[in-house]
Amino acid sequence: MRVRKGIIGVLMMALCLALGLGLAACGGGADKYTYALDKTAVALNVGATHQISVTATPEKELDPEYVSENAAIATVSDTGLVTAVAAGSTTVTVTVDEQQLTLAVTVTQGATEYEYMLNKTSLELVEGASQKLVVLVNPEKQVAPTFESAEPSIASVAQDGTVTAEGAGTTTITAKVDGKTLTCSVKVVPAPVEYEYSLNKETLSLALGEEEKLEVSVTPTPAEAPVVVWTSSNEEV
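Fair warning: this is a prediction, and the values are worked out from it, not measured in the lab.

Scoring rules and cut-offs
Position labels on residues start from 1 in each chain and follow its written sequence. For this predicted model, a pLDDT threshold of at least 70 governs which residues receive local features, and a threshold of 80 or more governs which side-chain atom pairs are given and counted, while totals over whole chains, interfaces and linings are taken from all residues. With hydrogens and water excluded, all non-hydrogen atoms of the structure serve as input to the side-chain values. The pairing criterion for strands is at least two bridges between them, as found by DSSP. Going along the chain from the N terminus, every DSSP run of H or I of four or more residues is numbered as a helix, and every run of E of two or more is numbered as a strand. Every axis in this analysis is a line fitted to C-alpha atoms, fitted for helices over the stretch in contact. Angles between the N-to-C directions lie between 0 and 180 degrees. Whenever two N or O atoms come within 3.5 Å, that pair is a polar contact, provided that in protein one can donate a hydrogen and the other can accept it, and provided that, for residues adjacent in sequence, both atoms are side-chain atoms. Classification of residues uses two cut-offs on accessible area relative to the type maximum, computed with a 1.4 Å probe and protein chains only: under 20% is buried, over 50% is exposed, and between them is partly exposed. Any two of the Phe, Tyr and Trp rings considered here, Trp counted by its six-membered ring, make a pair once their centres fall within 6.5 Å; the pair's planes then place it as stacked at under 30 degrees, edge-to-face at over 60, or tilted in between. Criterion for a charge above a ring: Lys NZ or Arg CZ within 6 Å of the ring centre, and within 35 degrees of the ring normal. Exposure above 30% relative accessible area and the lack of any salt bridge qualify a residue for a patch; like charges then connect within 9 Å, and the nonpolar side chains Val, Leu, Ile, Met, Phe, Trp and Tyr within 5 Å. Accessibility throughout is a Shrake-Rupley quantity obtained with a 1.4 Å probe, and a residue counts as covered only by protein chains that appear here. Definition used for salt bridges: Asp or Glu carboxyl oxygen within 4 Å of a side-chain nitrogen of Lys or Arg.

1. Side note on the sheet that holds strand S11 (residues 122-126)
For step 1, the next point in the chain: Pairing in this open sheet of four strands is mixed, and the strands run S11-S18-S17-S14 from one edge to the other. What marks the edges here is a single partner per strand, and that holds for S11 and strand S14 (146-149). Across this sheet, the average inter-strand angle for adjacent strands is 25°, counted without regard to direction.
For step 2, the next point in the chain: For S11 and strand S18 (residues 180-189), the ladder comprises five bridges, and the chain directions are parallel.

Now the structure itself:
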């Protein structure tokens, strides 16, 4: 009898152990996910962006929701793209499967990047003419550029940027400002010569059959003699 009771007890214990293991197996069958952000804090300059990345372990498809605590400092899109708007600090909250994750965002103004250019990158001037070069800055600020001509005998430049054509040829004007170098190519062409024309006689009084030669004078003397075409308003006279 005692042996029988002992065998029954062992069987009961084995049955309870089997049931316990089965229940444990059933309880452990449901996956438990943990969620994380790629970064928990970012520092951005105004205008910069950061894409939030959410991961799940074990892996699964996610549909997170994003909310910025202060959109005046940093906004966040439906896809998790954070855009820095103004200097300050805020928090972006990410909600996924009813769990919340946070990203601390610090926004700074950052150094202003300036763009420099000349109002002209090339000039064509007649000898004796002048034109002023101006350094343009975006965004605007006061600058003190220095100017230099590669060949002053062709085109000289004053420190206010005024370029003066001195003689025919080509040269380059260089402007230096805040460590930047800007250039303007200059072509100088000869000034057109203004000629004055005159006759050796303005009036003639001739007897019948008498002759007198008219001559054209040109000042200054041209390199080539001009071609003169003569006409009479009354050839019968």
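Here the narrative resumes.
2. Points about the environment of Thr79
For step 1, the next point in the chain: For Thr79, the position within the fold is in the loop between strand S6 (74-76) and strand S7 (81-84).
For step 2, the next point in the chain: A sequence separation of 26 residues divides Thr79 from Ser53, and the C-alpha atoms of the two residues are 9.5 Å apart.
For step 3, the next point in the chain: One polar contact links Thr79 to Ser77, side chain to side chain, over a distance of 2.9 Å.

3. Some words on the side chain of Ser149
For step 1, the next point in the chain: Within the element layout of this structure, Ser149 appears in strand S14.
For step 2, the next point in the chain: Classification of Ser149 by relative accessible area gives buried; the value is 11%.
For step 3, the next point in the chain: Here Glu151 takes part through its backbone nitrogen, which lies 3.2 Å from a polar atom of the side chain of Ser149.
For step 4, the next point in the chain: A polar side-chain atom of Ser149 sits 2.5 Å from the main-chain carbonyl oxygen of Ala155.

4. Comments concerning the pairing of S7
For step 1, the next point in the chain: Of the two faces of S7, the one holding Val82 and Ala84 is buried and the one holding Leu81 and Thr83 is not buried anywhere.
For step 2, the next point in the chain: Sheet topology places strand S3 (residues 49-51) next to S7; three bridges connect them, and they run antiparallel. Within S7, the position partnered with His50 by the bridge is Val82.
For step 3, the next point in the chain: With three bridges joining them, S6 and S7 adopt antiparallel strand pairing. What sits directly across from Ala74, in S7, is Ala84.
For step 4, the next point in the chain: Connecting S6 to the next strand, S7, in antiparallel fashion are four residues, including Gly80 with a positive phi near 90°.

5. Let's talk about the packing of aromatic side chains
For step 1, the next point in the chain: The tally for this structure, following the rule as stated, stands at zero aromatic pairs.
For step 2, the next point in the chain: Between Lys141 and the ring centre of Tyr114, over which it is positioned, the NZ or CZ distance is 4.4 Å.

6. Structural notes on the sheet that holds strand S8 (residues 88-96)
For step 1, the next point in the chain: With mixed pairing, the four strands of this open sheet are ordered in space as S2-S9-S8-S5. Bordering the open sheet on either side are strand S2 (41-45) and strand S5 (65-68), each of which pairs with just one other strand. Direction aside, neighbouring strands of the sheet carry axes that sit 25° apart on average.
For step 2, the next point in the chain: Summarising the sheet, S2 and strand S9 (residues 99-108) pair through five bridges and their orientation is parallel. Bridge assignment links Ala43 to a residue of S9, and that residue is Thr106.

7. Topic: a nonpolar patch on the surface
For step 1, the next point in the chain: Residues Val193, Tyr195, Tyr197, Leu199, Val216, Val228 and Trp230 make up a contiguous nonpolar surface patch of roughly 650 Å² in combined accessible area.
For step 2, the next point in the chain: Checked against the element boundaries, Val216 lands in strand S20 (residues 216-219).
For step 3, the next point in the chain: The class for Val216 is partly exposed, based on a relative accessible area of 31%.

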